[in-house]
Amino acid sequence: MIKKIAVVFLLSFPVASFAQESVDSVMARMKPDIAVKIAYQEIRYMGLFDDEWHGNGYLYAEIPDVMLKQQLQPEVEMMAAEGSQLSYSKPATQTFHQLQIDESNPMMASLSAFKGMMTGNLVYLRQLYDLKFIASEHSWTLEMMAKDHDEGEAPVRIIMQGLNEQAANKMAVILPDGDRSSYVLSQPEQGLAIKAKLAELLQTLKGH
Amino acid sequence: MRPSLASLFFFLCLPLLIAVAVFTTHFQTNISAFVIAGDNAEEILLASEIQSGTLSRRYILSIDAGEGKQVSAAFIQTWLSQLKSISGVVDVWATDENRGALAALASLYAQHGAQLYSRTPEQTLAEILTESALAERAAGLKQALLSPQGQMIKKIAVQDPLLLSLNGFKNIAAQFNNQNNSPSQYANFILETQMSGMDVPEQIQIQAQINMTFATQKEQSQQVYQLDMTGIPLFAAATQSMMETDIKFVSIISTVALTLLFLFIFRSFRVMFWVFSLLMTVMAVAVIITNLIFGSVHGMTIAIGSTLIGVCIDYPIHVLVHAQGMELEQRLTVIKKIFPSLLMGALTTLIGYVALGLSGYPGFQQVAVYTGTGIIVSLLLTRYLFPKLMTAKAKAVAPFRFIAFWPVFCQRYRWGLISAVLVLSVAGIVQLDRLQWMQDLQQLTPELDYLKVQDKKIRERLVSMEPGRFVLVSGDSIEATLQRAEQVYLRLDQVKQAGDLEDYFGLYPWVLSQQQQLINQQTLLTALTQKQRDFWRDALQAQGLSVQRLGELDYSQSEILTVQQVLQSPVAKLMSNQLVLAEQQNLLIIWLTAHQPEALQAALTDIPHVHYFSQRDMLNRMAVDYQQRAQVTLLAGLALIACLLWLRYKSILLTLQTLSPAFLAALLILALWAWTGEAISFLHLVGFLLAVAICVDYGIFYQENRSGHLTLTYQAMAASMLTSALVFGCLIFAQTSMLQTLAKVVSCGVVLGFLLCPILIKPKQISSVPLN
């Protein structure tokens, strides 16, 4: 009996090692065929706020280089990264900005990271961050530390987590001054309908 | 001294003289230095800034990705790093680059919010410090903290909770949002070089490397982008290369043509060598003297002044025609005899050039000195050296058939020909009403139109400021200049409200005078009562913001922001095309978008040291001024020539006769311009003056006929006319249209003057016996 258990145990080693996640396997899984949509819930902890701040909405992405964050609550807001250009719109205050993405800006860093993750662009992420991947029995963690940061300031840290064989389900962005945002992410939905929806949202955003 | 020793000494000294001229002279090719001069200290400082300051050292580079496409960020990043490594490039940055400026908002401006929040503090505070406005401000602060720029806002808010330091920037952001019409298919950059834009050889190398790095990067990334460039260095390089090509080409072609002509007329290489050596001496001395007086010699001076050959060659030609083949003693006697005519001719020509120098064009002062020196040197060398260079071996010149025929024909049909000339002259006078003056100096350089079109195209991709029109504020200290500018901003606001100005870009909110900063802080501290502080705390609480960290409104500690601090920050880049700091005077430039010039001028007229400045209008005003001055001085010059001739001949009839070929040739040329509708510029006047100066010489030579042999005199005139017409005619092959203009005017003028002499002047005697 002991012998049988030992054989099964030994045989399970390669199987377990085959099941082991890597940054490449995670990114390959995250990369959508056409377009992807993820629902998110965000909590921000900020030193200048008395209470934590809550928001939720959807993240959309399309390969090779498009990403859109549609915040539905507490107020409708949209932010899109297309190539190196960032567009931001808040209909309630009729605010619209269009600017070049500055990856050293911590607030934009999370968007860049989302874009890299959701489009499965490992090359892009490696350009901007030092990556550290930790795999455990049931889950994986990807820690990203921004390469570009001001002297005397800590770099922005982004931590993504997910269950094995699945896309990320949590993300945390930790800013140099200690402020942070936590995201809970749903599992991705894909398809042509998502692509059409993303195109529609992008058009709405640009038309303010 | 024996003749051989004199010539040996001369031919030994000539290379030395040429070497001195070439190696000690500072040659200049900046076209604006040739035609632009300021009327007042501000314009002079600005002109020097345009010629050698920061503005002159910058290129605008624009990449076009094609319709609906975007320039890749990776491409830009790699290319910019390659550009920065080019030797002589100080910096390159995107025109919409705001990272440094945004960082400065948090690191520099946040601590000076109390000083910089407004130009009209009472009005601004009345709007900001009400209960509802403070509630709105707290809501805005919260929104800003949650926005993509939240991190920067956080840094500002802890120093300046009311975000007063951003107050002025609200307008500037709106301005740029309204003005920035750059479609995303373009990526625009500013490249600043270390050396002046007028340092053409260095700039040409930089331009080549910019193009090379772009082509390499394009190939590596397999993109189909297009690069366009503009900037003063590009114009300077184009002008210089055009000028160099012209000078080389025209020099070669005119040398070949002149050589052939000389061989045809004098049939002797030896004679040609004498005359050309003399001319080279004349030009070398003229270059050295001009360089000594002005510190440099402009390429245009040499180009226009080289036509001096056409005038200076006349003196040795006369000597050659009259004295070639004679022994030294006889030569000297003949030269002594004809010298008074040459001297008179030289004097009248000098008067013309002095008049030209007084016309006010900075370049023409050089041309006047250059040609004046040349004429004097040529005359003296012809009188005292040339007879000793000549030998008796050269053959005497046989008159051409036409030379013998034309004066005789004119004498025979004199009245008929005079009548025909009179009819033509009257018809010409009638045409003069239609004469048009060129009002726009830019028409002088149509060959650079392609660069002007490209410049306009690139600037349209940027903020739509009018590049050549702005408000110029000056002051002996930077504080005085800023205070004056703040008065101007208020006036411009009024013009804007009246709808006569779309927008303007001054130095506020980046810089404010110290006086205004102190007023702002005092007004704020007075207005911030306990009541306002309570409103603010309540507003923070209502938004869920930290009262502990944002509720304390302490604006008493902040200090004045100095211009030096700003100039040491990344913001300096944004201001460098608006601020010119010099020891005696400072200039501040307020850029304007679409506007009504008259309304602006009227609004600013009573503020001292403030000018509405239009570069194009200034140039055109200068053109009109120069034309008027040139007309007056030319007329004065002609009157002086007439007086001089009257003093010599003591006869009005003889004077008029002598001048008549030149005047009628000039009249017919003017009539031709009027008839063809060619707009005439100061350059036409220069050509006009040259033609008159040369033709007056013909009149004097023909009238005085001092050798007593009319055919020889007319033969000498024919040789002079042909060389002048040929030298000037060669300029028609130049690319520079300014030189083409000279070619047309002078060539036609001298031919006409030459033909008119036998018709209009009845000479003293006609002899068919040669002097020798």
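Reading guide: rules and limits
Residues numbered from 1 in each chain as written. Chains lettered and ligands numbered in written order. Predicted model: local features only at pLDDT ≥ 70, side-chain atom pairs only at ≥ 80, totals over all residues. Helix = DSSP H or I, 4+ residues; strand = E, 2+ residues; numbered from the N terminus. Buried ≥ 20, exposed ≤ 12 C-beta atoms within 10 Å, placed from the backbone. Contact = placed C-beta atoms within 7 Å. Nonpolar A, V, L, I, M, F, W, Y, C, P; charged D, E, K, R; others polar. Pairing = 2+ DSSP bridges. Arc of directions from axis to C-beta.

**Things to note about the overall build of chain B**
Per the secondary structure count, chain B includes 34 helices and eleven strands. When burial is assessed residue by residue, chain B has 43% of its 772 residues classed as buried.

**As for the interface of chain B and chain A**
Frequently, the measure chosen for interface size is the accessible area removed from exposure when the parts meet. Across the boundary between the two partners, chain B contributes 19 residues, which contact 21 residues of chain A. At the level of secondary structure, the elements contributing two or more residues to the side of chain B that touches chain A comprise α8 (131–146), α9 (150–157) and α26 (547–550) of chain B. Per-element tally for the side of chain B that touches chain A: the top contributor is α9(B), with four residues. Class assignment for the residues of the side of chain B that touches chain A results in seven nonpolar, eight polar and four charged.

**Focus on the pairing of strand β4 (residues 186–193) of chain B**
Residues and elements named next belong to chain B. With seven bridges joining them, strand β2 (residues 58–64) and β4 adopt antiparallel strand pairing. Paired with Arg58 across the strands is Glu192, a residue of β4. As defined by bridge partners, strand β3 (residues 89–94) adjoins β4 across five bridges and the pair is classed as antiparallel. Across the sheet, residue Val92 finds its bridge partner in β4, namely Leu191.

**Considering helix α2 (residues 23–30) of chain A**
All names here are of chain A. Among all positions of α2, only Val26, Met27 and Met30 are buried. Buried residues of α2, seen end-on, are gathered within an arc of 95° and therefore sit on one face of the element. Exposed side of α2, more than 90 degrees from the buried face: Asp24 and Ala28 are the residues found there.

**Quick look at the environment of B:Gly753**
Within the secondary structure, B:Gly753 is located in helix α34 (residues 737–760). Setting aside its immediate chain neighbours within four residues, B:Gly753 contacts B:Pro661, B:Ala662, B:Ala665, B:Ala691, B:Ile694, B:Cys695 and B:Tyr698.

**Brief notes about unusual backbone geometry**
Cis peptide bonds are those with omega within 30 degrees of zero, and the linkage from A:Ile63 to A:Pro64 qualifies with 5°. When you line up the elements, A:Pro64 lands in the loop between β2 (53–62) and β3 (66–73). A cis geometry characterises the amide bond from A:Gln73 onward to A:Pro74, with omega recorded as 5°. Of note in this structure, B:Lys650 is not a glycine but carries a positive phi near 55°. On the basis of neighbour counts, which here come to 9 C-beta atoms within 10 Å, the residue B:Lys650 falls in the exposed class. For B:Asn705, which is not a glycine, the phi torsion comes out positive at approximately 40°. Within the element layout of this structure, B:Asn705 appears in the loop between α32 (682–704) and α33 (710–730).

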